[in-house]
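# Structural characterization, general
Residues per chain are reported as follows:
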Amino acid sequence: MSETTLKARPESPGFNFDKGPAAITAVLFVVVGIAISQAVDLKQAVLYGLGGVLGIALYHASFGFTGGWRRFSVEKRGRALRAQLLMIGVAAAAFIPILALGNPLGGAVAGAIAPVGMSVLIGAFLFGLGMQLGGGCGSGTLFTVGGGSARMLLTLVFFIIGAVIGTAHLPMWLELPSLPPMSLGREFGISGGLVVTFGGLALVALLTIFVEKRAHGGLEVVSSAPRAGIARFIHGPWPLVWTGLLLAGLNIATLLIAGHPWSITFGFGLWGAKIAQVIGIPVETWEFWNWGGPAYALGNSVLQDNTSVMNFGIVIGAAFAAALAGKFAPKVSVPVASLLAAAIGGLLMGYGARLAFGCNIGAFFSGIASGSVHGWLWFALAFAGSWVGIALRPIFGMDGFRK
């Protein structure tokens, strides 16, 4: 065989994983699942399992919204953003009919549909700004924490603090001018709602294609992955488009099983509120925690909360994926300025998500897929906030816009 042939066909990397962390996370995942099934029921354990698959998929594809939005804003490359739009469109194809016709598996079903008002405008902008400083969105924070990022653990801590503060202030924000919740499925019917949703997603996708071609003369060509087959499945990276389709399917499954779409940040506020009670802060007297759903969640174990168990699954699933990929390596050496940005970003995301009725998952992904007008408003304002956040990143020693 010639030297040229050898260079053209490099040896594919083999299996290389962290055996200790992989075994520990696998056992932990199973033990927690059994505990949830015993403490609550099998359905709750299934939701936890869905969270685990979400964590594996998010980690292996690095399917974060923060990096994709920053790459489009800075480099004018829209591949990741288009994968997100496709994911939302596939979910919407199931969500809007299910929300109109009812759950085929039985039981009540409700979409991620929220009021359209000042709280969404301000909250989404703050979230978008915060995710560029924090270095991750709602889902991105969870799967990177699972992967061993100490910096993102700090982001998560302040994300939780911001979410709790948001629960204290949300009733005040809701007194500002607002329109009632609006659903495209209810306003235009199933067909009309789907046409408007698909049309909006297609327009945004076409805009990213126009911008990318104008900047680079063509769309980005994806290089071949270093591994193929089962090795790629275990080690990654997973293709963005296929991962987006998988995430859409998992969100549809969540809607059918839990009766509501995938969400993340309510769990953060709940964890923070329970910690606040332990240290003597009477959050149970706050108006937000006296509303029906929040009051029930605060009065029961976090294992009773769908969002919380799915979040637990995402973190452990991502940790397992990182161990299998041989990448589980907690990093503790982080510049002080970057840690400050992580804290500020976490606070802004937690507070903003509560004001805006969700994060990139609960408001953007699940919101638009549910036909909620507030999801589109969230997208526009969060993207604007993200742009500002990118511009502020160099203050903290991070990359931002560059010529």
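Up top is the structure.
Here's what I pulled together on the structure shown here. Bear in mind that the values here come from a model prediction, so they are computed numbers and not experimental data.

### Focus on the pattern of salt bridges
In total, this model carries six salt bridges according to the counting rule given. One salt bridge connects Glu75 with Arg71, and the closest N-O pair in it is separated by 3.0 Å. With Glu75 and Arg71 both in helix H4 (residues 65-75), this residue pair falls four residues apart, about one helical turn. Taking the shortest distance from any N to any O, the salt bridge between Asp399 and Arg393 comes out at 2.8 Å. Exposure remark for Arg393: the relative accessible area of 6% places this residue in the buried category. When salt bridges that share partners are traced, they join Arg71, Glu75, Arg79 and Glu220 into one network.

### Quick word on the packing of helix H6 (residues 118-134) against helix H8 (residues 150-173)
Relative to each other, H6 and H8 sit at 170 degrees, their axes nearing to 12 Å. If you check the angle between H6 and H8, you find them roughly antiparallel. Together, Ser119, Ile122, Phe127, Leu133 and Gly134 of H6 and Arg151, Met152, Thr155, Phe159 and Trp173 of H8 make up the contact between the two elements.

### Focus: unusual backbone geometry
The general pattern is negative phi for most residues beyond glycine and trans for most peptide bonds. Although it is not a glycine, Ser62 adopts a positive phi angle of roughly 50 degrees. Mapped onto the elements of the fold, Ser62 is located in the loop between helix H3 (42-61) and H4. For Ser62, a relative accessible area of 53% corresponds to the exposed category. One non-glycine residue with positive phi stands out, namely Phe357, at about 60 degrees. On the accessibility criterion, Phe357 (21% relative accessible area) is partly exposed.

### Some details on the layout of surface pockets
In this structure, the largest pocket encloses a volume near 820 Å³. Of all the secondary-structure elements, those providing two or more residues to the lining of the largest pocket are helix H12 (265-278), helix H13 (292-298) and helix H14 (306-324). For the lining of the largest pocket, the element with the highest residue contribution is H13, accounting for four residues. Estimates place the volume of the second largest pocket at around 710 Å³. Taken together, 28 residues form the lining of the second largest pocket, with Ser62, Gly135, Phe143, Thr144 and Met152 sitting closest to its centre.

### Considering the packing of H6 against helix H15 (residues 336-355)
Contact geometry for H6 and H15: axes closest at 7 Å, N-to-C directions at 155 degrees. For the element pair H6 / H15, the angle class is roughly antiparallel. Judged by the twist between their axes, the crossing of H6 over H15 is left-handed. Note on element contacts: H15 touches H6 through Ala341, Ala342, Ile344, Gly345, Leu348, Met349, Tyr351, Gly352, Ala353 and Leu355, opposite Ser119, Val120, Gly123, Ala124, Leu126, Phe127, Leu129, Gly130, Met131, Leu133 and Gly134. When grouped by side-chain class, the residues that make up the contact of H6 with H15 number 15 nonpolar, six polar and no charged.

### Some words on the packing of aromatic side chains
With the rule as written, the count across this model stands at 23 aromatic pairs. Between Trp69 and Phe379, the aromatic rings sit 5.7 Å apart at their centres with planes inclined by 50 degrees, giving tilted as the arrangement. Note that Trp69 is positioned in helix H4 and Phe379 in helix H17 (residues 373-392), a separation of 310 residues in sequence. Each member of the pair, Trp69 as well as Phe379, is classed as buried.

### Some words on the nonpolar core
Membership of the largest hydrophobic core comes to 75 residues, with the highest contact counts inside it found for Phe63, Trp69, Phe127, Trp262, Phe268 and Trp378. Here this core takes 10 residues from helix H5 (residues 79-101), the largest share from any one element. Phe268 has contacts with Leu142, Leu156, Phe159, Ile160, Ala163 and Asn311, leaving out every residue within four places of it along the chain. Phe266, Ala273, Ala276 and Trp289 belong to the second-largest nonpolar core, a separate cluster that totals 10 residues.

### Let's talk about the environment of Ser338
When you line up the elements, Ser338 lands in helix H15. Sequence separation of Ser338 and Met398 is 60 residues, and the distance between their C-alpha atoms is 7.3 Å. Dropping the residues within four chain positions of it, Ser338 is found in contact with Arg151, Phe396 and Met398.

### What to know about helix H11 (residues 240-258)
Relative to the 27 Å expected for 19 residues at 1.5 Å per residue, H11 spans 26 Å between its end C-alpha atoms, a close match to the ideal helical length. If you follow the buried residues of H11, they end up packed against H3, H5, H14 and helix H16 (360-369). Directly after H11, the chain includes Gly259, whose backbone phi takes a positive value near 90 degrees.

Thresholds, definitions, all that
- Residues numbered from 1 in each chain as written.
- Predicted model: local features only at pLDDT ≥ 70, side-chain atom pairs only at ≥ 80, totals over all residues.
- Heavy atoms only, no water.
- Salt bridge = Lys/Arg side-chain N within 4 Å of Asp/Glu carboxyl O.
- Helix = DSSP H or I, 4+ residues; strand = E, 2+ residues; numbered from the N terminus.
- Buried < 20%, exposed > 50% of the residue type's maximum accessible area, 1.4 Å probe, protein only.
- Axes fitted to C-alpha atoms, helices over the stretch in contact; angles between N-to-C directions.
- Parallel < 35°, antiparallel > 145°, perpendicular 65-115°, else oblique.
- Contact = heavy atoms within 4.5 Å.
- 1 Å grid on protein atoms, 1.4 Å probe; cavity = no way out; pocket = protein on both sides within 12 Å on 5 of 7 lines; lining within 4 Å.
- Points joined across faces, edges and corners; volume = space filled by probe spheres on them.
- Left-handed = near helix turned anticlockwise from the far one by under 90°.
- Nonpolar A, V, L, I, M, F, W, Y, C, P; charged D, E, K, R; others polar.
- Phe/Tyr/Trp six-rings, centres within 6.5 Å; stacked < 30°, edge-to-face > 60°.
- Core = buried A, V, L, I, M, F, W, Y, C linked by side-chain atoms within 4.5 Å.
- Expected span 1.5 Å × (residues − 1).

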